[in-house]
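Results of the structural survey
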Amino acid sequence: MRAVGVADPFGLETAARPQLATERERILKEAADNPHVYRFEVDPLTRATERLSLGALIDFASRKVLDVRVETTGFRGCELVLKNRAPSDVVALASRVSGQGSGANSIAAAQALEMAYGIAPPPLATIVRSLGAAAELLASHVRHLFLVAGPDYSEEVVAKTNPSLWIIAQQTAAPGTSFHGFRTIGELMTEMNAFSGQLYREAIQLTRTACEVATLVFGKYPHPSSIFPGGVGIEANRSTFQSVLGRINQLVDYAKKVVAIWDDLVEFFYAADARYRHLGETQSNFISAGLWDDANGYNARFENCNEWGERRMATPGVIVKGKLRTTKLAEISAGIEEFADHSFYSAWNGHPLKADPLGVPLSPLHPWNKLTIPVPELGNWQKAYSWNTAPRWDREPMESGALARQWITAVGGKLKNEFIHATGTAGKDAGLEIDLPKFQLPATKVVWQVPERANAFERNRARAYHISYCSVIALTYLLKAFDALQRGETAMSTRFRVPQEAIGAGFWEDAQGCLMHYVMIAGGQIANYQIVTASSWMGSPQDSFGVPGPYEKAILSTPLLEDFGHPEECTGIDLLRAVRSFDP
């Protein structure tokens, strides 16, 4: 990374910064004199949260986005809430960072404390955590594809925003009809209508099914009550796992249908207009912390994190400009910096941790060195405009989520699972082959290919395939749980003492993507706690070099393909599809 052979590896001086600033000023000056340029705003930006808003300058004559800001309008402040508290408070409070990712945040918090305490949970507890994590991802992905982002591809929306496309959809046969039962793409879109569509209503039930699995193993969901450092607080017995099995059966069968639905939708849009391939397009920069630990390999120690990280069922890693850079958790962690130039936070001083436990130099902007100093003010496009910081890896913006997770796992060459196998090579035809076993529906094999580019449609397609991935991962850990009970392994916790001084980190993933918790303990209390969420990575404002985050970059790349005659008739559906594809 940058630190090798560089006198000041963490300096901020660069020629790129003034060049980008000058270019942006030129665009804004030209826009001010252009009668076809309008400011387009959407608030809230998604169906799920009011904490995101969009402001864009659009040249409607050329149908091009000239400049954009995606603002996170809500301040969570979890880091300030945790400061000076007892470590025993961390898991319960950190889970409140996200409702749909509360299980992931609980696990990441528990793992950060386990690293600080020098302990690891017994194998069965690790198995139970991973089973619950798979269920949480299943619920989130189903919710996204059919309840949150899915309606953007429904008859109600397509017929209104692209009437000509709707006419074609009604006449286009659906190749996956044998799996999902719809004869045409038009029929499929109709059943995706919000509230009235069959696929929408079915998704509500299957989301509940996945949440029931999470509840059975987490004690309560959302915001699990059973996760703590060193273990899980449920009685893991055969009866509990039998209850889980019936629900996993349903989810595996459902996965077979979801893949066919989204393959048909994606290929239909591509065939109708090749420009849809550029909707929400970003550079192929991906980051993943991985998840789903090997029950006999995870020991929570930073010194061994490269080994236990690469044994995960989703491989940690970083891809920059399409090339795999690392699959080692220590290197992933060391490359992180957070910039606050365009955030409602003050810069922090000091550099208390100059190296990680392996001796690798850390930036003053690394999360272990970061301080949360909020400075509320009115948003300003040229200055601060978001409650997100701008996390970067080796000074690069990073995308995370199902697409990143599968891409890294496919090219990383580390995965060992009886149901999932990497195909091709890192340079050609890389992908994942997923075997879905027979339950009510026949056994099926689905193959996800690494796409040519990252865009909105490929993010949704990857999430559809990730339902298959997560369902067989859940089955994997369920079988491991039965095996553990058969061997008489019933321990669910490890004793520990809270140290007076320690640091730790928890590396995990929620449905949105990469999740990292960093803790510093002093005097037996939390001296500093920092959380780097997937929404921070992707919803970041511009960094110190004027480089936008993935949401903003995706919008800048998006062509306006909606049918409208005048600017006031534009609904911005293409921009909404671009941002919502990240599951913000």
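The text that follows walks through the structure, step by step, so that each part is easy to find.

What counts and what doesn't
Residues numbered from 1 in each chain as written. Predicted model: local features only at pLDDT ≥ 70, side-chain atom pairs only at ≥ 80, totals over all residues. Heavy atoms only, no water. Salt bridge = Lys/Arg side-chain N within 4 Å of Asp/Glu carboxyl O. Helix = DSSP H or I, 4+ residues; strand = E, 2+ residues; numbered from the N terminus. Buried < 20%, exposed > 50% of the residue type's maximum accessible area, 1.4 Å probe, protein only. 1 Å grid on protein atoms, 1.4 Å probe; cavity = no way out; pocket = protein on both sides within 12 Å on 5 of 7 lines; lining within 4 Å. Points joined across faces, edges and corners; volume = space filled by probe spheres on them. Nonpolar A, V, L, I, M, F, W, Y, C, P; charged D, E, K, R; others polar. Pairing = 2+ DSSP bridges. Phe/Tyr/Trp six-rings, centres within 6.5 Å; stacked < 30°, edge-to-face > 60°. Axes fitted to C-alpha atoms, helices over the stretch in contact; angles between N-to-C directions. Contact = heavy atoms within 4.5 Å. Patch = residues over 30% accessible without salt bridge, like charges linked within 9 Å, V, L, I, M, F, W, Y side chains within 5 Å. Areas by Shrake-Rupley, 256 points an atom, 1.4 Å probe, with all protein chains shown as cover. Polar contact = N/O pair within 3.5 Å; in protein donor to acceptor, adjacent residues only side chain to side chain.

1. Thoughts on the pattern of salt bridges
- Applying the stated criterion to the full structure yields 30 salt bridges.
- Residue Lys-256 is joined to Asp-253 by a salt bridge in which the shortest nitrogen-to-oxygen separation is 3.0 Å. On the criterion of helical spacing, the pair formed by Lys-256 and Asp-253 is a turn pair, its members being 3 residues apart in helix α11 (residues 238–272). Accessibility classification places Lys-256 together with Asp-253 in one group, the buried group.
- Here Lys-370 ties to Glu-338 by a salt bridge, and the two come within 3.2 Å at their closest N and O atoms. With Lys-370 in the loop between β9 (336–339) and β10 (390–393) and Glu-338 in strand β9, this residue pair connects regions lying 32 residues apart in the sequence.

2. Quick notes on empty space enclosed by the protein
- Within this structure, the stated rule accounts for 3 cavities of 30 Å³ or more.
- As a volume, the largest cavity reaches approximately 260 Å³.
- If you trace the largest cavity, you find 19 residues lining it, with Glu-79, Tyr-345, Trp-387, Ile-531 and Ser-536 closest to the centre.
- Put simply, the parts of the chain that give the lining of the largest cavity at least two residues each are α2 (78–82) and β16 (525–532).
- Classifying every residue of the lining of the largest cavity by side-chain character gives 7 nonpolar, 8 polar and 4 charged.

3. Let's talk about the pairing of strand β12 (residues 431–436)
- Strand direction decides the pairing type here: strand β11 (residues 420–423) and β12, joined by 4 bridges, are antiparallel. The residue of β12 that forms the bridge with His-421 is Glu-433.
- Bridge analysis of β12 against strand β13 (residues 444–449) gives 6 bridges, and the strand direction is antiparallel. Across the sheet, the residue bridging to Gly-431 is Gln-449, located in β13.

4. Structural notes on the packing of aromatic side chains
- Following the criterion strictly, the structure yields 28 aromatic pairs and no others.
- Between Tyr-153 and Phe-269 the ring centres are 5.8 Å apart and the planes differ by 90°, which places this aromatic pair in the edge-to-face class. You can see Tyr-153 sitting in the loop between α5 (123–148) and α6 (155–161) and its partner Phe-269 sitting in helix α11, a full 116 residues away along the chain. Just as Tyr-153 is buried, Phe-269 falls in that class too.
- Ring geometry for Tyr-551 versus Phe-582: centroids 5.1 Å apart, planes at 50°, classification tilted. One end of the pair, Tyr-551, is in helix α17 (residues 550–556); the other, Phe-582, is in the segment after α18 (573–580), and 31 residues separate them in sequence. An identical accessibility class is assigned to Tyr-551 and Phe-582; each is buried.
- Among the aromatic residues, those joined into a ring-pair cluster are Phe-146, Tyr-153, Tyr-254, Trp-262, Phe-268, Phe-269, Tyr-270, Tyr-276 and Phe-457.

5. Notes on the sheet that holds strand β3 (residues 64–72)
- Taken in spatial order, the 3 strands line up as β1-β2-β3 in an open sheet, and their pairing is antiparallel. Pairing within the sheet leaves two strands with one partner each, and these edge strands are β1 (37–42) and β3. The mean inter-strand angle of the sheet, taken between neighbouring strand axes irrespective of direction, is 15°.
- Sheet topology note: the β1/strand β2 (residues 52–59) ladder contains 6 bridges and is antiparallel. Following the sheet pairing, Arg-39 is matched in β2 by Leu-57.

6. What to know about the sheet that holds strand β6 (residues 286–288)
- Taken in spatial order, the 3 strands line up as β6-β7-β8 in an open sheet, and their pairing is antiparallel. Every interior strand has two partners, whereas the edge strands, β6 and β8 (323–326), have only one. Taken pair by pair, the neighbouring strands of this sheet meet at an average axis angle of 20°, ignoring direction.
- Across 3 bridges, the pairing between β6 and strand β7 (residues 317–320) is antiparallel. The partner of Ser-288 across the bridge, within β7, is Gly-317.
- Across the sheet, helix α14 (residues 402–412) touches β6, β7 and β8, and the angle it forms with β6 is around 85°.

7. Side note on a nonpolar patch on the surface
- Residues Leu-371, Ile-373 and Val-375 make up a contiguous nonpolar surface patch of about 190 Å² in total accessible area.
- With respect to the element layout, Ile-373 can be found in the loop between β9 and β10.

8. Points about the side chain of Asp-152
- By the element assignment, Asp-152 lies in the loop between α5 and α6.
- At 2.8 Å, the side chain of Asp-152 and the side chain of Arg-47 are in polar contact.
- Engagement of the side chain of Asp-152 in a polar contact is seen with the side chain of Arg-580, the distance being 2.9 Å.
- Residues in contact with Asp-152, not counting those within four places in the same chain, are Arg-47, Val-157, Val-158, Ile-573, Leu-576, Arg-577 and Arg-580.

9. Observations concerning the layout of surface pockets
- As a volume, the largest pocket reaches approximately 460 Å³.
- Thr-49, Arg-51, Arg-76, Gln-512 and Pro-584 are the residues nearest the centre of the largest pocket, which is lined by 23 residues in total.
- Residue composition of the lining of the largest pocket, by class: 6 nonpolar, 11 polar and 6 charged.

10. Quick notes on unusual backbone geometry
- Of note, the amide linkage connecting Asp-43 to Pro-44 takes the cis form, showing an omega dihedral of 5°.
- Counting through the fold element by element, Pro-44 comes out in the loop between β1 and β2.
- Of the consecutive residues Tyr-221 and Pro-222, the connecting peptide bond is found in the cis state with omega at 0°.
- Considering the arrangement of structural elements, one finds Pro-222 in the loop between α10 (198–218) and β4 (227–228).
- A positive phi angle is found at Arg-395, which is not glycine, with a value near 70°.
- Along the chain, Arg-395 falls in the loop between β10 and α14.
- With relative accessibility at 16%, the residue Arg-395 sits in the buried group.

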